[in-house]
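# Observations on the model geometry
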Amino acid sequence: MSVLDAPVGAAPGPAGTGEGLVGVFVRLKLTLLRNGLRQSAGRRAAYITSVVFALLIAASQLLGLILMRGNAHAGALVVLLTGVLAVGWTVMPLFFPSGDETLDPSRLVMLPLRPRPLIAALLAASLVGIGPLFTLCLAAGSVVAVAHGAAGAVFAVVAAPLTLLLCVALTRAVATANTRLLTSRKGRDLAVLSGLVIAVGLQVVNFGAQRIGQAGGLAALEPAADVVRWLPPASAVGAVDSASRGAYGQALVQLLLSVAALVALLWLWQRSLVKLMTAPDGSTLAAAGPGREKAGKDGSRLSALLPQGRTGPVMERSLRYIARDPKTKAAWVTALAIGLIVPVLNALQGTGSIYFACFAAWMLGIQMYNQFGQDTSAFWMVALTISSPRDAYLELRARALALLLITLPYTALVTVVTAGVLGDWGDLPEAMGLSFALLGGMLATGAMASAHFPYSIPQDGAFKNVAPGQAGLAWISIFGGMVSAGLLCAPVIAVTIWLHLADLEQWLWLLLPVGAAYGALISWAGLRLAAPRTADRLPEILTAVSKG
Amino acid sequence: MQDRAETDRAARAGEAGRPATPPAVRVQGLWKRFGQQTAVAGIDLELPAGKFIGLVGPNGAGKTTTLSMVTGLLRPDQGTVEVAGHDVWRDPVEVKSRIGVLPEGLRLFERLSGRELLAYTGRLRGLPGAEVDKRATQLLDVLDLAGAQHKLVVDYSTGMRKKIGLAAALLHNPEVLFLDEPFEGVDPVSAQTIREVLERYTRSGATVVFSSHVMELVESLCDWVAVMAAGSIRAQGTLDQVRGEASSLQNAFLELVGAGSRTGGDSLDWLGGKR
């Protein structure tokens with residue numbers, strides 16, 4: 001029999017009744033909050049600042065929304081705003097897994113609590129805090145913006161708290177369902193990738209905002225709002241809008257959709273909570289099956305395709321790390337995404353130029369920087385096998401080759417796509433030549449920077465990419481390197497400009513082979529120069545990259 | 001008192017050493033400072049080849065710093081290190097191919113599986129692919145890692161990490177093996193496995209140098225011991241020489257590092273007294 005099945009009567013005190021339990025949990029949350037603030041003045045200051053800040057934003061938004069009253073597109077705006085808010089609440093537990101200890105079910109396992117009152121109490125406790133207050137302000141503002149007449153007011157009174165409850169239930173359901181995931185290694189890997197979601201999301205929001213600016217204001221929101229107004233919790237706010245416009249049937253359906261969603265979420269939350277508290281966590285146990293397995297052959301097909309000697313294994317490991325190491329993966333996916341988004345979206349909006357395609361080469365070239373920092377302190381395994389500048393050259397060259405395996409086709413692809421969107425096929429060869437030259441410059445300076453300015457990359461947390469005290473080093477390495485990469489490409493840029501100015505446009509295609517050859521030459525030179533420095537500085541590099 | 005013990009023992013160690021083969025490790029005047037702190041204060045050390053050698057000392061004695069400098073992972077401020085007759089800093093080609101290292105507190109390439117890690121290390125060491133495969137298979141079997149060979153090292157337990165690290169260090173059949181705290185945090189079963197592999201390896205004439213602060217372990221495994229404390233060598237020689245008149249290595253060690261008399265006096269005399 002599990003703890004959750006224990007008769008309620010067996011539990012003394014407030015756990016017996018639902019209302020008592022709610023009080024206990026809300027008091028617990030307040031006490032934890034107070035004690036947390038008592039610990040240090042800095043924490044208190046940070047908390048008060050964030051409260052003031054959040055309240056100011058909430059108040060200004062409330063005011064802004066009330067001012068929106070009467071605007072023809074207010075309905076669309078509030079519906080989308082609620083949608084964004086709900087998405088925020090959904091992904092929040094993925095970014096901040098250890099958010100709230102009152103809500104951590106693993107701390108409640110030993111208590112004789114039935115699931116239903118427990119859910120009610122946890123939900124009530126979740127409503128205490130800045131986030132819910134902020135959400136309530138926003139929800140209130142939203143319904144005020146669209147509510148007209150008595151029916152609108154009635155729906156508004158129900159919709160605002162319902163929206164808040166839905167948001168909170170959403171975040172708890174997601175967090176509980178993911179507790180196992182988030183406490184495991186795979187879940188932490190996922191959290192590291194969350195930085196990427198934000199980086200790419202910001203780009204999309206940025207371009208979306210530009211679009212609205214161009215396409216004649218809030219009217220552009222209507223098509224999206226038509227879908228979102230049927231999705232809970234936005235449908236609750238949509239119901240207020242519908243009721244105000246006299247569409248009572250539609251309003252009722254929208255409101256019921258939100259209520260049904262709340263019930264479903266609470267049910268899902270309860271189910272995963274019960275499962276979490278009664279089933280043991282098996283993720284750390286060794287397999288109980290037949291323990292001794294004979295070691296078989298290494299069936300790697302990748303290694304068969306790659307060159308022999310040092311080059312093959314180093315390339316293979318680099319490529320595996322791009323796929324498996326969350327930090328490396330996040331950096332790569334960000335670079336790939338932004339390298340494509342910036343030139344292509346600019347081209348789509350008609351503000352672009354084919355030369356923006358060089359951005360992809362530049363973003364991907366950055367991956368060559370701090371090569372050894374990406375190894376973390378495991379660099380000792382590399383250091384122990386490098387005993388001459390030749391070894392160091394092979395090591396650096398193999399890493400550059402692994403990089404080129406992805407960047408070369410990708411740069412070509414981005415340039416072709418940009419040219420296609422712009423319809424500017426004539427400038428394709430020169431833009432691609434410039435990209436290749438820039439990529440060569442980035443590889444050369446990246447190799448030099450890896451040897452001269454290595455720094456540690458902390459392995460935990462999505463937003464820490466430099467160990468404390470090494471930020472200066474990282475900036476010197478990346479920015480100095482990027483400026484020098486630009487300077488290294490100056491000859492190719494100069495030739496491009498000269499050909500344009502001298503009206504020799506029929507020769508511009510020559511820039512493709514010239515740029516590629518020049519890029520190859522300077523990368524080779526950069527690797528050659530970096531190799532002896534790497535071989536000389538092995539212990540210093542190891543010390544620099546072991547601080548994470 | 002301690003200085004005399006050191007010179008006595010060093011002298012005896014010199015007589016015991018065989019001058020015909022070069023020592024596995026010869027360290028002269030090795031210094032390392034980190035800011036104000038002196039981690040290693042001018043040590044001289046001569047470790048005979050073909051022995052199971054223990055480097056013992058309390059936490060913070062400078063064992064890891066010394067081993068890092070000896071294996072070429074940390075640049076000394078001063079002093080020379082020779083491994084099998086070759087200078088570590090002037091002749092890295094000769095030295096790096098002859099040594100295997102299992103450091104403490106440094107990561108492995110944890111996003112590779114155990115087998116991939118061995119394949120990577122072996123091929124980086126210049127072994128042909130088929131040979132690496134054969135050796136990796138045997139090492140994984142002997143170290144009882146065959147069942148976890150396709151798991152990523154990041155998901156390994158402490159004992160499994162030490163074992164895969166040991167396998168990576170042994171793969172190229174080095175002459176001298178340096179292990180920093182190889183038994184730290186390792187369960188008794190894994191410890192026994194590691195022990196058996198190391199004993200078999202030294203019987204072939206290879207040298208194992210390992211650091212530890214567990215005296216019983218050192219006493220049962222090693223035939224040669226160097227005692228380190230506060231950045232200097234307090235004694236070195238065969239187990240018997242270092243143990244001297246003391247009843248156990250533990251007691252000799254406590255005396256050598258100057259911790260023997262700490263329990264005396266009237267401090268704590270209330271403890272266990274009348275309540």
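Residues numbered from 1 in each chain as written. Chains lettered and ligands numbered in written order. Predicted model: local features only at pLDDT ≥ 70, side-chain atom pairs only at ≥ 80, totals over all residues.

- If you check an unreviewed UniProt entry, chain B appears there as ABC transporter ATP-binding protein from Streptomyces gelaticus.
- UniProt, in its Subcellular location (unreviewed entry) section for chain B, records the words "Cell membrane". (UniProt positions renumbered as here; feature names shortened; annotations may be inferred.)

- Under an unreviewed UniProt entry, chain A has the name Transporter and belongs to Streptomyces gelaticus.

### With respect to the overall build of chain A
- Secondary structure summary: chain A contains 22 helices and zero strands in total.
- Of all 548 residues assigned to chain A, the portion counted as buried reaches 42%.
- Sequence separation of 24 or more characterises 82% of the internal contacts of chain A that already satisfy a separation of 6 or more. (Helix = DSSP H or I, 4+ residues; strand = E, 2+ residues; numbered from the N terminus. Buried ≥ 20, exposed ≤ 12 C-beta atoms within 10 Å, placed from the backbone. Contact = placed C-beta atoms within 7 Å.)

### Let's talk about the overall build of chain B
- Looking only at helices and strands, chain B has ten helices and ten strands in total.
- Since a compact globule built from 275 residues should have a radius of gyration of about 19 Å, the 20 Å found for chain B is in line with a globular shape.
- By principal-axis analysis of the C-alpha atoms, chain B measures approximately 65 × 55 × 40 Å.
- A total of 275 residues make up chain B; the buried ones form 49% of that total.
- Within chain B, counting contacts between residues at least 6 apart in sequence, those at least 24 apart form 69% of the total. (Rg over C-alpha atoms; globule rule 2.2 N^0.38 Å.)

### Focus on the interface of chain B and chain A
- With 30 residues of chain B at the interface, the matching set in chain A holds 29 residues.
- Taken together, the elements giving at least two residues each to the side of chain B that touches chain A come down to α3 (92–98), α4 (114–124) and α5 (129–142) of chain B.
- At six residues, α4 of chain B tops the list of elements feeding residues into the side of chain B that touches chain A.

### Digging into the environment of Arg-275 of chain B
All names here are of chain B.
- Of note, Arg-275 is situated in the segment after α10 (249–256).
- C-beta crowding within 10 Å serves as the criterion here: with 4 such atoms nearby, Arg-275 is assigned to the exposed category.
- A C-alpha to C-alpha distance of 55 Å links Arg-275 and Ala-167, two positions 108 residues apart in sequence.

### Focus on the nonpolar core
- Leu-438 and Ala-447 of chain A together with Ala-167 and Val-227 of chain B are the most contacted members of the largest nonpolar core, which has 160 residues in total.
- Ignoring any residue separated from it by four or fewer positions in sequence, one finds Ala-447 of chain A in contact with Met-368, Leu-396, Ala-400, Gly-526, Leu-527 and Ala-530 of chain A. (Core = buried A, V, L, I, M, F, W, Y, C linked by C-beta atoms within 7 Å.)

### Quick notes on the UniProt feature "domain: ABC transporter" (unreviewed entry) in chain B
- Within the UniProt annotation, "domain: ABC transporter" (unreviewed entry) is assigned to residues 25–255 of chain B.
- In residues 25–255 of chain B, the share of helix is 38% and the share of strand is 27%. The end C-alpha atoms are 26 Å apart.

### Describing the sheet that holds strand β7 (residues 176–180) of chain B
All names here are of chain B.
- Taken together, six strands build an open sheet; the order of strands is β6-β7-β8-β3-β9-β10 and the sheet is mixed. Two strands lie at the open edges of the sheet, namely β6 (99–102) and β10 (232–238), each paired on one side alone. Averaged over neighbouring strand pairs, the angle between their axes works out to 15° when direction is ignored.
- Pairing between strand β3 (residues 52–56) and strand β9 (residues 224–229): four bridges, direction parallel. In the strand pairing of β9, Leu-55 is matched with Ala-226.
- Along the sheet face, helix α2 (residues 63–70) touches β3, β7, β8 (207–212) and β9 and points at about 150° away from the line of β7. (Pairing = 2+ DSSP bridges. Axes fitted to C-alpha atoms, helices over the stretch in contact; angles between N-to-C directions.)

### Let's talk about the environment of Ser-97 of chain B
- Locating Ser-97 of chain B in the fold gives a position in helix α3.
- Sequence-wise, Ser-97 of chain B and His-172 of chain B are 75 residues apart; in three dimensions their C-alpha atoms are separated by 8.0 Å.

### A closer look at the pairing of strand β2 (residues 37–47) of chain B
Residues and elements named next belong to chain B.
- Where strand β1 (residues 25–34) lies against β2, eight bridges are found, and the strand directions are antiparallel. From the neighbouring strand, Trp-31 faces β2, where its bridge partner is Ala-41.
- Between the end of β1 and the start of β2, which pair antiparallel, lie two residues, with Gly-35 showing a positive phi angle near 65°.

### What about the environment of Val-168 of chain A?
Residue and element names in this part refer to chain A.
- With respect to the element layout, Val-168 can be found in helix α6 (residues 149–183).
- Remark: the alpha-carbon pair of Val-168 and Leu-127, spanning 41 residues in sequence, is separated by 7.1 Å.
- Non-local contacts of Val-168, meaning those with residues more than four positions away in its chain, are made with Leu-123, Ser-126, Leu-127 and Pro-132.

### Some thoughts on the pairing of β3 of chain B
All names here are of chain B.
- In terms of residue burial, β3 counts as a mostly covered element, since five of its five residues are buried.
- Here β3 shows a buried face lined by Phe-52, Gly-54 and Val-56 and a second buried face lined by Ile-53 and Leu-55.
- Two elements, β3 and β8, share five bridges in a ladder whose sense is parallel. By the bridge assignment for β8, Leu-55 is matched with Ser-211.

### What to know about the confidence of the model for chain B
Residue and element names in this part refer to chain B.
- Scored by pLDDT, chain B comes out at a mean of 87, with 90% of its residues at no less than 70.
- Confidence drops under pLDDT 50 across residues 1–19; counting only partners more than four residues distant or on other chains, this segment forms 25 contacts.
- For this predicted complex, the interface score ipTM comes out at 0.87, while the overall pTM is 0.73. (pLDDT = per-residue confidence, 0-100.)

### With respect to the sheet that holds β1 of chain B
Residues and elements named next belong to chain B.
- Strand order in the open sheet made by the four strands is β2-β1-β4-β5, with antiparallel pairing throughout. Two strands lie at the open edges of the sheet, namely β2 and β5 (86–87), each paired on one side alone.
- Sheet contacts for α2: β1, β2 and β4 (78–83); angle to β1, the most-contacted strand, approximately 120°.

### Topic: helix α5 (residues 130–146) of chain A
- For α5 of chain A, spanning 17 residues, the distance from its first C-alpha to its last is 25 Å, which sits close to the expected 24 Å at 1.5 Å a residue.
- Taken together, the buried positions of α5 of chain A are occupied by Gly-131, Thr-135, Cys-137, Leu-138, Ala-139, Ala-140, Gly-141, Ser-142, Val-143, Ala-145 and Val-146 of chain A. (Expected span 1.5 Å × (residues − 1).)

### Focus: the packing of helix α13 (residues 326–348) of chain A against helix α14 (residues 358–365) of chain A
Residue and element names in this part refer to chain A.
- Relative orientation of the contacting elements α13 and α14 amounts to 165°, with a least axis distance of 8 Å. Classified by the angle their axes make, α13 and α14 are roughly antiparallel. Every pair of crossing elements has a handedness; the one defined by α13 and α14 is right-handed. In this structure, α13 contributes Ala-335, Ile-338, Gly-339, Leu-340, Val-342 and Pro-343 to the contact, and α14 contributes Phe-359, Ala-360, Met-363 and Leu-364.
- In the contact of α13 with α14, the residues fall into nine nonpolar, one polar and no charged. (Parallel < 35°, antiparallel > 145°, perpendicular 65-115°, else oblique. Left-handed = near helix turned anticlockwise from the far one by under 90°. Nonpolar A, V, L, I, M, F, W, Y, C, P; charged D, E, K, R; others polar.)

### Regarding the confidence of the model for chain A
Residues and elements named next belong to chain A.
- Here chain A averages 80 in pLDDT, and 79% of its residues register 70 or above.
- Ranking the helices and strands of chain A by mean pLDDT puts helix α16 (residues 379–383) first, with 95, and helix α7 (residues 185–214) last, with 66.
- Contacts for the low-pLDDT stretch residues 1–16, under 50 throughout, to residues beyond four places or in other chains number 24 contacts.

### Quick look at helix α9 (residues 234–244) of chain A
All names here are of chain A.
- Where burial is concerned, most of α9 is hidden: eleven out of the eleven residues are buried.
- Among the residues of α9, those classed as buried are Ala-234, Ser-235, Ala-236, Val-237, Gly-238, Ala-239, Val-240, Asp-241, Ser-242, Ala-243 and Ser-244.
- Positive phi shows up at Gly-246, right after α9, with a value of about 90°.

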